[in-house]
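Residue-level structural notes
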Amino acid sequence: QEGAAGDKPAAEKPSGSKKAEGFKVGMVTDIGGVNDKSFNQSAWEGLKKVEADTGASVKYLQSKSDADFIPNLNQYIKDKYNLTWGIGFLMGDAIKTVATQNPDAKLAIIDNVVEAPNVESVTFAEHEGAYLVGVVAGLTTKTNNIGFVGGLDIPVIKRFEAGFREGVKAVNPNAKLTINYTGAFDKPDLGKAAAATIYNDGADIVFHAAGATGNGVFNEAKDRVKSGKKVWVIGVDKDQSLEFGDDVTLTSMIKRVDQAVIRVTTDLIDGKFQGGKVVTLGLKDDGVGLPETSTKNVPADVLKKVDEYKAKIISGEIKVPEK
Amino acid sequence: MDKLMRIMTKDSALVPLGAILLGLLFGALVMLVGGYNPIVAYAALLDKVFGSAYDFGEAVREITPLILTGLAVAFANRTGLFNIGAEGQFIMGMTGASIVGIKFDLPWIIHMPLAVIAGAVLGGLWGGLAGYLKAKRGVNEVITSIMLNWTALFLANYIVNAFLLQPGQQRSYEIHESASLTIGWLSELMGNARVHWGTLIALAGAAIFYIVLWRTRQGYELRAVGHNPEAARYAGMNVNSNIVRAMFIGGVFAGLAGVVDVLGVFHYQTVMAGSPGYGFDGVAVALLGGNNPIGVVLAAILFGSLTYGSAGMSFAADVPPEIIRVVIGSVIFFIAAHGIVRGLIRPLKGKSKKEGAA
Amino acid sequence: MSTPEMAVELQGITKRFPGITANDGISFQLRKGEIHALLGENGAGKSTLMNILFGLYQPDEGQIRVQGREVAIDSPTKAIELGIGMVHQHFKLVQPFTVTENIILGSEPRKGTSINYKAAEEKVAQISAQYGLMVDPKAKIEDISVGMQQRVEILKTLYRGAEILIFDEPTAVLTPQEIGELMEILRLLAREGKSIILITHKLKEIMAIADTCTIIRRGKVIDSVNVAASSPQELAEKMVGRSVSFRVEKSKAQPGEKVLEVTDLHALDNRKVPALNGISLQVRAGEILGLAGVDGNGQSELIEALTGLRPAVSGEIRLKGQSLTNLPPRTITEAGVSHIPEDRHKHGLVLDFTMSENMVLETYYKPPYNRGGFLDRSAIDRQAERLIRDFDVRTPSIYNKARSLSGGNQQKAIIARELDKQPQLLIAAQPTRGLDVGAIEFVHRKLIEARDEGKAVLLISFELDEIRNVSDRIAVISGGRIVGEVDPELTNEEELGLLMAGSEGKGGAHG
Amino acid sequence: MDLLLKLGELINITLVFSTALIFTAMGGIFSEKSGVVNIGLEGLMVSGAFAAAVATYTAEEAGMGAASPWVGLIAALLFGVIFSLIHAVATVTFKADQVVSGVVINFLAAGLTVYLVKIMYDGAGQTETLNEVFSKVKIPFLSDIPVIGKGFFEAYPTTYLAIFIVALTYYVLYKTPFGLRLRSVGEHPGAADTMGIRVSRYRYLGVMISGALAGLGGATITLTTTSSFSHNTVSGQGFIALAAMIFGKWHPLGALGAAMFFGFSQAIRNFVQLFDFAKGIPMEFLYMLPYVLTILVLAGAVGRAKAPSALGEAYDPGKR
Ligand SMILES: Nc1ncnc2c1ncn2[C@@H]1O[C@H](COP(=O)(O)OP(=O)(O)OP(=O)(O)O)[C@@H](O)[C@H]1O
Ligand SMILES: Nc1ncnc2c1ncn2[C@@H]1O[C@H](COP(=O)(O)OP(=O)(O)OP(=O)(O)O)[C@@H](O)[C@H]1O
Ligand SMILES: [Mg+2]
Ligand SMILES: [Mg+2]
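The rules behind each value
- Residues numbered from 1 in each chain as written.
- Chains lettered and ligands numbered in written order.
- Predicted model: local features only at pLDDT ≥ 70, side-chain atom pairs only at ≥ 80, totals over all residues.
- Heavy atoms only, no water.
- UniProt positions renumbered as here; feature names shortened; annotations may be inferred.
- Helix = DSSP H or I, 4+ residues; strand = E, 2+ residues; numbered from the N terminus.
- Rg over C-alpha atoms; globule rule 2.2 N^0.38 Å.
- Buried < 20%, exposed > 50% of the residue type's maximum accessible area, 1.4 Å probe, protein only.
- Contact = heavy atoms within 4.5 Å.
- Areas by Shrake-Rupley, 256 points an atom, 1.4 Å probe, with all protein chains shown as cover.
- Lys, Arg positive; Asp, Glu negative; His and termini not counted.
- Charge placed at Lys NZ, Arg CZ, Asp CG, Glu CD.
- Pairing = 2+ DSSP bridges.
- Axes fitted to C-alpha atoms, helices over the stretch in contact; angles between N-to-C directions.
- Phe/Tyr/Trp six-rings, centres within 6.5 Å; stacked < 30°, edge-to-face > 60°.
- Lys NZ or Arg CZ within 6 Å of the ring centre and 35° of its normal.
- Buried area = accessible area lost by both parts, 1.4 Å probe.
- Salt bridge = Lys/Arg side-chain N within 4 Å of Asp/Glu carboxyl O.
- Polar contact = N/O pair within 3.5 Å; in protein donor to acceptor, adjacent residues only side chain to side chain.
- Nonpolar A, V, L, I, M, F, W, Y, C, P; charged D, E, K, R; others polar.
- Core = buried A, V, L, I, M, F, W, Y, C linked by side-chain atoms within 4.5 Å.
- Domains from an automatic or database assignment.

If you check an unreviewed UniProt entry, chain D appears there as YufQ from Paenibacillus mucilaginosus 3016.

Chain B carries the name Inner-membrane translocator in an unreviewed UniProt entry, which gives Paenibacillus mucilaginosus 3016 as its organism. You can read under Subcellular location (unreviewed entry) in the UniProt record for chain B the words "Cell membrane".

Next up, the structure:
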């Protein structure tokens, strides 16, 4: 299912053309770096693809603190970059400030909505995707006990939690769901401890939406699998089975940040930048969803159910709450 | 004033200069090992700091809280205490300023000072708490400060979440304009750099540091307690209350750093995932500045410029900005182990003029 | 040159410190089996010389021969290998360690990789029996008396098989009884063939025990004499270079009203053990009460209780009828008590303050020095200049740190500050500790002047000569009690010594 | 019964959190018992965590399989020692202020490791994720004991190693000549010197052992919890270990207890979230718990900690 959405913007163009030579695209991440194995990495991979496909030059700056956001963004503005990305919810205020101060500059942000004529905002309907992995979890659990590990308690992550909760409830109303917020996106040790506690409590599936903190969830699961217990993790943002292996990754709630970055950036190159607009990518845009590798661990009948629910959500028959 | 000069030149200025030079050289060496061109990198760093009015203003913004946290650590050091808690005091300072800045709506002539004072006092109390636990319960201030740093982080997050949160955001509402420390006209002149009155507060802080410690009765007591608590007791001073006061004043400085960050830079307070780090950097600044106010200001300028400039290095020369920590670390190393620097300076000096280095 | 019967020969030893030549071409010979005294004023260079022999300092010039062989002693390790042991002026003991641990440190008997404590304790017991140095091998240093600690120091050297023993002012901290016992031990050691160097300021001890006495003045050897053929007067004259009188000039006291009255005072020491067990004493205006006693019998606690630095458990302290019991130090100071503390570095001065700042340590908060919370620097400096001039404190300027002054000048500065407060009561604790003869005379004169101005003076000292020469009355403290009062004119050393050892003394000497 | 079961699990997680702290606190003891303040424990842990990640990954790539984390452990130990030498040279040889030097260690470690990671892994801010890390080992039979078994006998090899190190630390410090000498140097270097003990040598050793153990502490985090190294892998645990050492009054058993206490209060924070009543407690208060608990315990605990007498002082034979 991802493949279909995945190729659209990039594949239609003759790849390798240098039509965007001299075009400069920059991105600023918050404190997590570009290889966090999930969110930021996905964004950066998107930009790298744009570079490979169009010859545009791309660059990123990692912030050392909140105070760095604005100067980092301004660095690109000053260097006359054609487009500057702010990656992540936390960059919202900085993008807003810089956009207002530099009305001629073009900016874009992921995961947050910035109201400014020169900013394109991209958000995802995480709750829709999370609903589907909730369905998977609800149908797969043997112990009727499921966990969720969140990073920061922020709206984006709340959407993950809400969708997941509803998905589980839809197919398995009796399942116990433990919610744990670690308070950080970059602390695998906290993720590990949270997962350990939840697994100890009898859960056999944990869904994480915690960036690098989630790596700890995988580590804990691996530990248990090695010692012969069958537990699963549901990954986030990317197909995390590729990083952490099929023996622990049940499936992932993919968030096509890379596609969003590619789409908006190529639009700009093509002169179709939609400043002031908010693009929300949901199930129907294939902005969120399950990876194809899911077939390895998720039984076909469960995947069938997933497809059913997917159709219902797209059709509007089911409305997934955001909170 | 001559007194001030004596404090300044107590250790010949050559040692810090030599240490800075050696630190930069060591950084260059590490860059060479990593396959980078240090000359290009340092040029990019300088360009980032002095290249435009905007960047200069932002560098000043980076320097300002470092002056204050440096003073916070130095002040405690002068009184025989190790204030590793500037981090938490900083956060409490932010919180105090945020509460008053957001929850009150007053004419600026009252509002702004009130917000500043609220943050300063909250930072002071946070420091004073560590002092109190040391004085009254004999708990080592280093442990309590470390624990209070974490406590402050989560307490501040709680306060923001529970009372100040802008719905849908990961931060508080913005403070009222009347509490802002931003210098609008100057900021405009400097390409919207976030310059603010807090820099003046920091410099005034350095002056007050000097006056309090060396010109007042209170400072006399604090220093006496710092150098020799037994003699202070003999002289009729209340050692315990001076410990609390010293930590309180240190906390006020660190709190002010947090205040200016909120009122001058962000105008809101985020729910923080981790500590901002100004407090820990303050330890380095204080040590680099020899615990004296002018030294602290100079050290903060060095430290802040290097830190701010490092982004330019990584932008223009692709050098990982972490290299700057290595540079700063080695500068401090050479200042601490001044024997090495002296050993290197002596032959150079011997040539120009004969002078017995003590 | 070298003869086999020489244990140590020093030849032309010179040691310079910044600004001073501590040892200036010193030559010195220690025969095997002799007790050789080293005599000289404060700062003459005795400790320096011995520290060189023990490898702690390196000489700038000169040679050392031990048992006839020329050696370079670059560390205490080397000295110990050569059979040299040293009992230092300030004990070098690790307080929280046991006696055994202190003795075996550095050459521990082993069993596998562990220390063989059993063997160690047996060996310690055996050596202490052999030399009559009874100690409890398992006791912690911090729990035993000073006399005991000294035995541990001696045992340390014997344990390492030292043949040459150096004692740097070993008797300064002992009771007369303990001194007697130490003398016996030294004699025994000499009979066993050990060669001993003894540094002491007490001529009587030299006369009693030493075979030879080498006199050092300002880093140079003045003479080396056969003690049996000499006299205390001769030794003293050689030491200071002029004839000395051993007595202080003073008129008869004119005691007035009662100034200090202490009744049944009880207090605890730092370990919460009773240190004062009902002290009662009185000091009148115009008299000096000397408090004699061995270190550790409650003197420090008494001084601290009197000055508000230590709480009294019970009892009463009155100054001219006004109760001072358990009042804060500042109130007591303001009531008219001045205090020359026994440890000038710990209490008397802030070493990193300038002399000027130190001169107002107890008055900085009052006008004219404090004006509305701000210090008036020029007023402070004027005061400092005045005191330093009047009391002849030698310092390059009032802006020098107290640390840079010599001990005698630091002491003079403290005395100046304390007397300038015009107290009703002056508590002078060990006021001449570590001072040279000239400075001691000066301090004694100042104490007597204060008395003659009608002040009450309480003098606490371990030096019996000082107590006897300066006091108008002598009270003896032992085991936290006043065990007797004597007239300095009528008493003698034996009587004082017996009182000081007191039936309830700490019993250090008797193990 | 159910609660008892949970207790076992709580202990189990406590040990996971405590292990790194135990190693590092033991390291701190060696350094500070020799008279050298070591506020650089944080940096030493960082260097160990880094070395472990790099070495394990390299070993993994070289096909060393399950032996890889052990290679990482040894590398961490060595790297910790090398880093600690900076502290030793500065404080012992050049008599630099010990706190300042510790801060230097923290700066250098934080900067250098991430810098090296970026150079070695194409600009990545973290090392590759390790596959070969430690997994929990059940001790046969013992792990079958109810509660206790789950609590204590199903742990990472590093945890067992840490407990062994505590015993070893106790033995070395209090039973061997080396320990006696090391402690004497921290209590009274002048006395030690006159007994023929090379003060500098023992202080160097004390600091180097602290480097080795803090290195192991850092490695523990990499090899049991994070499986990779990045700038915040250690994030303050060195300071917590320092606190544990002081809290434990510089005694190995005391520090063990304090480290376990910190681990426990970390574990309890997750544990509480399992219960319904916790839903009413703001999350931040749970996060705060470990630290507030520590302060309360410290403030309530009687008796002040007594540091080694000569702690923080450079030894100068000419000075008394
Ligand atoms: N480490 C040092 N640094 C500088 N000067 C020193 C040092 N040790 C001793 N001196 C100086 O050397 C001189 C000799 O000191 P020394 O300690 O040998 O005297 P002493 O004869 O033992 O005196 P006392 O009778 O007081 O013990 C003194 O004037 C002192 O100032
Ligand atoms: N390191 C030093 N630097 C400078 N002067 C010193 C040093 N050590 C000792 N002195 C000086 O040397 C003199 C004699 O030294 P010594 O160590 O014998 O002390 P002291 O004053 O005799 O005290 P005590 O006899 O109680 O030990 C003192 O005046 C002291 O100030
Ligand atoms: Mg001497
Ligand atoms: Mg002396």
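Moving on to the overall build of chain B. Tallying secondary structure elements over chain B gives 16 helices and zero strands in all. Relative to the 2.2 N^0.38 estimate, which gives 21 Å for 358 residues, the radius of gyration of chain B is 21 Å and therefore close to what a compact globule would have. Its C-alpha atoms give chain B principal-axis dimensions of about 65 × 60 × 35 Å. Within the span of chain B, comprising 358 residues, buried residues form 63% of the whole. Partitioning the contacts of chain B with sequence separation of at least 6, the portion at a separation of at least 24 is 77%. Working note: accessible area of chain B is about 12800 Å², and carbon and sulfur atoms make up 68% of it. Placing the 24 positive and 19 negative side-chain charges of chain B at their respective mean positions leaves the two points 14 Å apart.

Neighbouring strands of a sheet are bound in pairs by backbone hydrogen bonds; such pairs are parallel or else antiparallel. All names here are of chain C. Pairing is mixed across the open sheet formed by six strands, whose spatial order is S6-S9-S10-S3-S11-S12. Edge positions in the open sheet fall to strand S6 (84-87) and strand S12 (220-226), since each of these has one partner strand only. Strand-to-strand, the axes of this sheet are offset by a mean angle of 20°, without reference to chain direction. Of the strand pairs in this sheet, strand S3 (residues 35-39) and strand S10 (residues 195-199) are connected by four bridges, and their pairing is parallel. Note that in S10 the partner of Ile35 across the bridge is Ile196. Sheet strands in contact with helix H1 (residues 46-53) are S3, S6, strand S9 (164-168), S10 and strand S11 (212-217), and its direction is about 150° off that of S10. Across the face of the sheet, helix H8 (residues 232-240) comes into contact with S3, S11 and S12 while running at roughly 25° to S11.

The geometry of an aromatic ring pair comes down to the distance between the two centres and the angle between the two planes. The final tally for this structure, using the stated rule, is 42 aromatic pairs over all chains. An aromatic cluster is built from A:Phe148, A:Phe160, A:Phe164, A:Tyr181 and A:Phe207, whose rings are joined through pairwise contacts. Seen from the ring of A:Trp232, A:Lys230 lies directly overhead, with NZ or CZ sitting 4.3 Å from the centre. The ring of C:Tyr159 has C:Lys123 sitting right over it, with the charged end atom 4.6 Å from the ring centre.

Before going further, it helps to spend a moment on the interface of chain B and chain D. Taken together, the contact pairs 48 residues of chain B with 40 residues of chain D. If you sort the residues of chain B by the area they bury against chain D, B:Ile143, B:Met147 and B:Phe154 come out on top, with a joint share of 16%. Run the count over chain B and chain D and you get one salt bridge. The partner of B:Glu322 in a salt bridge is D:Lys118, and the shortest N-O contact between them spans 3.2 Å. Where chain B touches chain D, the interface holds four residue pairs in polar contact (both at pLDDT 80 or more). Elements that contribute at least two residues to the side of chain B that touches chain D include exactly helix H2 (14-33), helix H6 (108-137), helix H7 (141-164), helix H13 (278-288), helix H15 (323-336) and helix H16 (338-352) of chain B. A total of 13 residues in the side of chain B that touches chain D trace back to one element, the largest contributor, which is H7(B). Class assignment of the residues belonging to the side of chain B that touches chain D gives a composition of 33 nonpolar, ten polar and five charged.

All names here are of chain B. Using the residue numbers shown here, the UniProt feature "transmembrane region" (unreviewed entry) corresponds to residues 108-130, 142-164, 195-213, 243-260, 296-317 and 323-345. The span residues 296-317 shows a helical share of 100% and a strand share of 0%, and its end C-alpha atoms are spaced 30 Å apart. Within residues 323-345, the helical portion is 96% and the strand portion 0%, while the C-alpha atoms at the span's ends are 26 Å from each other.

Counting residues in each nonpolar core, the largest one holds 370 residues, and the members touching the most others are A:Trp85, A:Ile110, A:Phe160, A:Phe164, A:Phe207 and B:Leu263. For this core, the leading source of residues is helix H12 (residues 239-266) of chain B, giving 15 residues. Shared between two domains, this core takes at least three residues from each, and those domains are domain 1 (6-240) and domain 3 (346-422) of chain C. Excluding its chain neighbours within four sequence positions, the residues that come into contact with A:Phe207 are A:Ala130, A:Val133, A:Gly147, A:Phe148, A:Val149, A:Phe160, A:Phe164, A:Ile234, A:Gly235, A:Val236 and A:Met253. Grouped together as the second largest cluster of nonpolar side chains are 31 residues, C:Val262, C:Leu289, C:Ala312 and C:Leu458 included.

Our next topic: the pattern of salt bridges. Using the criterion set out here, one finds 62 salt bridges over all chains in the structure. Here B:Glu58 ties to B:Arg194 by a salt bridge, and the two come within 3.1 Å at their closest N and O atoms. Here B:Glu58 is found in helix H4 (residues 53-78), whereas its partner B:Arg194 is found in the loop between helix H8 (184-189) and helix H9 (198-215), with 136 residues between them in sequence. Ionic pairing is found between C:Asp452 and C:Arg451, a salt bridge with its closest N-O pair at 2.9 Å. Using a relative accessible area of 1% as the deciding quantity, one classes C:Arg451 as buried. Taken together, the shared-partner salt bridges in this structure form one network comprising A:Lys158, A:Glu161, A:Arg165, A:Glu166 and A:Lys169.

Moving on to helix H7 (residues 177-187) of chain D. Buried residues dominate H7(D), accounting for ten of its eleven residues. Listed as buried for H7(D) are D:Pro177, D:Gly179, D:Leu180, D:Arg181, D:Leu182, D:Arg183, D:Ser184, D:Val185, D:Gly186 and D:Glu187.

Residue and element names in this part refer to chain A. Strand order in the open sheet formed by six strands is S2-S1-S3-S4-S5-S11, and the pairing between neighbours is parallel. The open sheet is flanked by strand S2 (57-62) and strand S11 (278-281), the only strands paired with a single partner. Within the sheet, the average angular offset between the axes of one strand and its neighbour, ignoring direction, is 20°. Across five bridges, strand S1 (residues 24-29) lies against strand S3 (residues 83-87) in parallel orientation. For Val25, the partnering residue across the bridge sits in S3 and is Leu83.

Here we come to the environment of A:Gly163. All names here are of chain A. Residue position: Gly163 is located in helix H6 (residues 155-171). A relative accessible area of 0% means that Gly163 is categorised as buried. Sequence separation of Gly163 and Glu126 is 37 residues, and the distance between their C-alpha atoms is 7.4 Å.

The interface is formed by 25 residues belonging to chain A together with 25 residues belonging to chain B. When the two sides are added together, the surface that chain A and chain B hide from each other amounts to roughly 2100 Å², 51% of it contributed by carbon and sulfur. Along the contact surface separating chain A from chain B lie three salt bridges. Among the salt bridges present, the one from B:Arg171 reaches A:Asp93, with a minimum N-O distance of 2.4 Å. On inspection of chain A and its partner chain B, the count reaches nine residue pairs in polar contact (both at pLDDT 80 or more). Listed by contribution, the elements that provide at least two residues to the side of chain A that touches chain B are S2, helix H3 (69-78) and helix H4 (92-101) of chain A. Counting residues per element, the side of chain A that touches chain B draws most heavily on H3(A), which supplies seven residues.

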